[in-house]
Amino acid sequence: MLLSIALAAFLALGGWAMYDGNRTRQDSRAEIVEACQGLVDPDAVMRYGDSAEKVDARPAGDHLCLLRKAGTFEGQEDMFDYFSLTVVTSKDTEPGESRFDLAVRGVVVIAKCADPVESAGVTSLRVTAASELERADRGEPGALAALAREAALRAAEKAGCETVLPEAPRG
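The following refers to the structure shown. (Residues numbered from 1 in each chain as written. Predicted model: local features only at pLDDT ≥ 70, side-chain atom pairs only at ≥ 80, totals over all residues. Heavy atoms only, no water.)

**Focus: the environment of Q37**
- Among the secondary structure elements, Q37 is positioned in the loop between α1 (2–35) and α2 (42–47).
- Overall, Q37 belongs to the partly exposed group, its relative accessible area being 45%.
- Along the backbone, Q37 and C65 are 28 residues apart, and their C-alpha atoms lie at a distance of 8.4 Å.
- Apart from the residues within four sequence positions on either side, Q37 is in contact with I32, L64 and K158. (Helix = DSSP H or I, 4+ residues; strand = E, 2+ residues; numbered from the N terminus. Buried < 20%, exposed > 50% of the residue type's maximum accessible area, 1.4 Å probe, protein only. Contact = heavy atoms within 4.5 Å.)

**Brief notes about the pairing of strand β4 (residues 99–102)**
- Both β4 and strand β5 (residues 106–112) contribute to a ladder of 4 bridges, which runs antiparallel. Residue pairing in the sheet places D101 in a bridge with V108 of β5.
- Connecting β4 to the antiparallel partner β5 that follows it, the hairpin turn spans 3 residues. (Pairing = 2+ DSSP bridges.)

**Some words on the side chain of S131**
- Considering the arrangement of structural elements, one finds S131 in strand β6 (residues 124–131).
- Of the polar contacts made by the side chain of S131, one reaches the backbone nitrogen of L133; its length is 3.2 Å. (Polar contact = N/O pair within 3.5 Å; in protein donor to acceptor, adjacent residues only side chain to side chain.)

**A word on the side chain of D56**
- Tracing the backbone through its elements, the reader meets D56 in strand β1 (residues 55–58).
- Excluding anything up to four places from it in sequence, D56 contacts E31, L66, L67, R68 and M79.

**What to know about the sheet that holds strand β2 (residues 65–73)**
- The sheet built from 6 strands is open, its strands ordered β1-β2-β3-β6-β5-β4 with antiparallel pairing. Only two strands of the sheet have a single neighbouring strand rather than two, namely β1 and β4. Neighbouring strand axes in the sheet, compared pairwise and without regard to direction, differ in orientation by 25° on average.
- Lying over the sheet, helix α3 (residues 143–159) contacts β3 (76–90), β4, β5 and β6, oriented at roughly 150° with respect to β6. (Axes fitted to C-alpha atoms, helices over the stretch in contact; angles between N-to-C directions.)

**Here's the deal with the pairing of β3**
- Strand direction decides the pairing type here: β2 and β3, joined by 9 bridges, are antiparallel. Considered in β3, the bridge of G71 is made with D78.
- Connecting the antiparallel pair β2 and β3 is a turn made up of 2 residues, with E74 showing a positive phi of about 50°.
- Examined bridge by bridge, β3 and β6 share 8 bridges and lie antiparallel to one another. Residue pairing for β6: V87 is matched across the bridge by V127.

**Some remarks on α3**
- Compared with an ideal rise of 1.5 Å per residue, which puts 17 residues at 24 Å, α3 spans 24 Å between its outermost C-alpha atoms and is within 8% of the ideal.
- Of the surrounding secondary structure, the elements contacted by the buried residues of α3 are α2, β3, β4, β5 and β6.
- Once α3 ends, the next one or two residues include G160, with phi positive near 75°. (Expected span 1.5 Å × (residues − 1).)

**Things to note about the packing of aromatic side chains**
- By the definition in use, this model includes 1 aromatic pair.
- Between Y48 and F83, the ring centres sit 6.4 Å apart and the planes meet at 65°, which makes this aromatic pair edge-to-face. Here the residue Y48 occupies a position in the loop between α2 and β1, and F83 occupies one in strand β3, the gap between them amounting to 35 residues.
- K69 extends its terminal NZ or CZ atom over the ring of Y82, reaching a point 4.6 Å from the ring centre. (Phe/Tyr/Trp six-rings, centres within 6.5 Å; stacked < 30°, edge-to-face > 60°. Lys NZ or Arg CZ within 6 Å of the ring centre and 35° of its normal.)

**Observations concerning the nonpolar core**
- Within the largest apolar cluster, 37 residues are counted, with the highest numbers of intra-cluster contacts made by V40, V45, L67, Y82, F83, L85 and L125.
- Mapped onto this core, the elements with two or more residues apiece are α1, α2, β2, β3, β5, β6 and α3.
- Looking at this core, the element that brings in the most residues is α3, giving 9 residues.
- Contacts of V40, omitting those with residues within four sequence positions, involve I32, V45, L85, L147, E150, A151 and R154. (Core = buried A, V, L, I, M, F, W, Y, C linked by side-chain atoms within 4.5 Å.)

Listed below in structure tokens is the structure:
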């Protein structure tokens, strides 16, 4: 009888932990979609760097979104910045073709609009995805470039800018 009660309590506690963990991930996904205006896949953002279960947004300042994720340091859970996204539309002619400019902690995508008249005069978009991590070598090579490319394509679509981008560099 005591074993049955202990087993039932264990199952209830385990079920609650699974439910709570799933709810935290769902809340994090919703926060990413809202903060970044649907420009990036929330699951890909949560996998970027060291995979995260809990993500929230901070006031973004000059960025479209600035995300933090939970991490444990010396036994204490804390939230720290790890990803930012900036989108700037331009009505000035950007030289060259659509392209990627890679930096140590970020990727800039220049997406040229095929027909500026169709996109209300917007000639290009400049999308920057940046790692806010202290070490920029965390995560899968090319993951930041893939996030930047996805954001550029979605932002271009929202702006009515038809564009073609090369595949994201792999690292």
